[in-house]
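As a plain string of letters, each chain reads:
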Amino acid sequence: THLADKVVKERLQRVAGVGGVDLVGGREREIKVLVDPAKLVGLGLTVSDVENALRAQNLDVPGGHFDRGSQELNVKTKGEVKSAAAIARIAIPVPGGTLIRVRDVAQVKDTVKDARSASFLDGKSAISLVIRKQSGGNTVEVAKRVRAELARLAPLVKKKGVTLAVPTDNSVYIEHSIHDVQFDLVFGAFLAVFIILLFLHDVRATLISAIALPTSVVATFAFMDLFGFTFNNMSMLALSLSIGILIDDAIVVIENIHRHLEEGESSQAAASNGTREIFLAVLATTSCILAVFVPVAFMKGIIGRFFFQFGVTVSVAVALSMLVSFTLTPMLSSRFLVAKHGRKRPNFIFRGIERFLKATDRAYGRLLRAALRHRFLTIAIALAS
């Protein structure tokens, strides 16, 4: 307990970011005086007499001073006891001058305090140091510093026959959670790009869409740094959620540019006209998303504190994706996209996908014509739904 409290705890409390260290399972040294009531009664003493004797005769007190030439030296009378045997020899004043010592009315034991807490590791008694970070501190960073300090302490405590272990570390769970979300982020981006390739069956258009993703995400990192956000579960969740939204604007713009190319326009004209034509629709879509997520960032109370980074990160990412779709995406399209008649014949995979999409298009056309012919039935079905 002394080693844990006076050495390990003291060192860990000095680690940057540590807010407090609590000791669990420690048993400090304590000298117990177990009074025998029957002997006290027989000698006409009380517990207070024993207590007063211990208080009065277990003190270091000033003893005056003496002069030595030009110096004046203070004198201290050393009366503080150092052992259980010394306490047992303390005299208890009694009427009549009889010499009674503490050992005559009590047992004096050099032992430890009564247990107020317990700690075990692998079924064996241990002492736990519960380390808490400062408010607002980064759990993962503080945990790394604490582990580094423990590595420096290990040789010192090993000489005392003690071993250090870290059975519980919240930063490990946090790191695993962050890695899982990072995987979801990358995997989601891959799936989004793959879906674009299936529908547009144009590698160039897919690459242009794919470039929009990292551009928007990396730009979002800059704003997260500006706002003082960290990579945590909420901010990473926001980015994961944003992946599908980030690529939406680019898909809409590229698809419209594609249509203008198929109508025979040059690459630059198609990029300019296609983007201008779809501008308001994309602006309206992005504005609707912002109208949902910006208020989330300003929710009140504890939930508001959790969702502030979430709402701001999503809003910034979506706004940046719109900017990218109006600038970078049409610029790349004007340079790299070519008219359909200028491209090579697609391979059998893309031809199969094209047949499927055309069949879907024809089926949708029939459904749309039916809906327009039977307007009241369409409205009735919508209301019922």
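Preceding block: the structure.
Summary of the structure given here. (Residues numbered from 1 in each chain as written. Predicted model: local features only at pLDDT ≥ 70, side-chain atom pairs only at ≥ 80, totals over all residues. Heavy atoms only, no water.)

As for its position among the elements, Ser216 is in helix H8 (residues 203-227). Ignoring sequence-local partners within four residues, the contact set of Ser216 consists of Leu246, Leu320, Ser321 and Val324. (Helix = DSSP H or I, 4+ residues; strand = E, 2+ residues; numbered from the N terminus. Contact = heavy atoms within 4.5 Å.)

In the structure shown here, the tally under the stated rule is 13 salt bridges. Linking Arg132 and Asp22 is a salt bridge whose minimum nitrogen-to-oxygen distance equals 3.2 Å. Here Arg132, found in strand E10 (residues 128-133), pairs with Asp22, found in strand E1 (residues 18-24); they are 110 residues apart in sequence, far enough to count as distant. A relative accessible area of 39% places Arg132 in the partly exposed class. For Glu28, the salt bridge goes to Lys113, with nearest N and O atoms at 3.6 Å. Here Glu28 is found in the loop between E1 and strand E2 (29-35), whereas its partner Lys113 is found in the loop between strand E7 (106-112) and strand E8 (120-121), with 85 residues between them in sequence. A cluster of three or more residues bridged by salt bridges with shared partners is formed by Asp5, Lys6 and Lys9. (Salt bridge = Lys/Arg side-chain N within 4 Å of Asp/Glu carboxyl O. Buried < 20%, exposed > 50% of the residue type's maximum accessible area, 1.4 Å probe, protein only.)

Judged by nonpolar contacts, the single largest core of 37 residues is most densely connected at Leu213, Met236, Ile243, Ile247, Ile257, Val282 and Leu337. Counting only elements with at least two residues in this core, the list comes to helix H7 (170-200), H8, helix H9 (233-262), helix H10 (267-296) and helix H11 (301-326). Excluding residues that lie within four positions of it along the chain, Ile247 makes contacts with Ala192, Val193, Ile196, Ser209 and Leu213. In this structure, Val81, Val94, Val105 and Ala106 belong to the second largest nonpolar core, which totals 14 residues. (Core = buried A, V, L, I, M, F, W, Y, C linked by side-chain atoms within 4.5 Å.)

What follows deals with unusual backbone geometry. We note that Asp122 has phi near 55°; this positive angle belongs to a residue other than glycine. For Asp122, a relative accessible area of 75% puts it in the exposed group.

A word on the packing of aromatic side chains. Applying the stated criterion to the full structure yields 10 aromatic pairs. An angle of 15° between the planes, with centres 6.3 Å apart, marks the rings of Phe190 and Phe194 as stacked. Of this pair, Phe190 and Phe194 both sit in helix H7, 4 residues apart, which is roughly one turn of the helix. Among the residues examined, Phe194 registers a relative accessible area of 39% and is labelled partly exposed. With 5.7 Å between their ring centres and 85° between their planes, Phe229 and Phe308 make a pair best called edge-to-face. Separated by 79 residues along the polypeptide, Phe229 in the loop between H8 and H9 and Phe308 in helix H11 bring together distant segments of the chain. Assessed through its relative accessible area of 33%, Phe308 is described here as partly exposed. (Phe/Tyr/Trp six-rings, centres within 6.5 Å; stacked < 30°, edge-to-face > 60°.)

As for its position among the elements, Asn233 is in helix H9. A relative accessible area of 33% places Asn233 in the partly exposed class. Linking Asn233 and Phe183, residues 50 residues apart in sequence, is a C-alpha distance of 13 Å.

The next point concerns H9. Given a rise of 1.5 Å per residue, 30 residues ought to cover 44 Å, and the 44 Å separating the end C-alpha atoms of H9 matches this to within 8%. A maximum bend of about 40° is found in H9 at Ser242. Where H9 terminates, the next one or two residues include Gly264, which has phi positive at roughly 100°. (Expected span 1.5 Å × (residues − 1). Bend = angle between axes of the 7 residues up to and from the residue.)

On the surface, Arg362, Arg366, Arg369 and Arg373 cluster together into a positively charged patch. You can call Arg373 exposed: its relative accessible area is 60%. (Patch = residues over 30% accessible without salt bridge, like charges linked within 9 Å, V, L, I, M, F, W, Y side chains within 5 Å. Areas by Shrake-Rupley, 256 points an atom, 1.4 Å probe, with all protein chains shown as cover. Lys, Arg positive; Asp, Glu negative; His and termini not counted. Charge placed at Lys NZ, Arg CZ, Asp CG, Glu CD.)

We now examine the packing of H9 against helix H12 (residues 328-336). Contact pair H9 / H12: the axes reach a minimum separation of 10 Å and the direction vectors enclose 35°. Crossing of H9 against H12: the hand is right-handed. Every residue of H12 that contacts H9 at Ala250, Val253, Ile254 and Ile257 is listed here: Thr329, Pro330 and Ser333. Along the lines of polarity and charge, the residues of the contact of H9 with H12 split into 5 nonpolar, 2 polar and no charged. (Axes fitted to C-alpha atoms, helices over the stretch in contact; angles between N-to-C directions. Left-handed = near helix turned anticlockwise from the far one by under 90°. Nonpolar A, V, L, I, M, F, W, Y, C, P; charged D, E, K, R; others polar.)

The residue Ser334 is located in helix H12 in this model. The contacts of Ser334, once residues within four sequence positions are left out, are Ser267, Gln268 and Ala271.

Attention now goes to helix H6 (residues 139-159). For H6, with 21 residues, the first-to-last C-alpha span of 30 Å sits near the 30 Å given by 1.5 Å per residue. Taken as a whole, H6 has its buried residues at Val140, Val142, Ala143, Val146, Glu149, Leu150, Leu153 and Val157. Packing partners of the buried residues in H6 comprise helix H1 (2-13), E1, E10 and H7. The N-cap of H6, judged by a side-chain oxygen 3.0 Å from the amide nitrogen of Val140 a few residues on, is Asn138. (Polar contact = N/O pair within 3.5 Å; in protein donor to acceptor, adjacent residues only side chain to side chain.)

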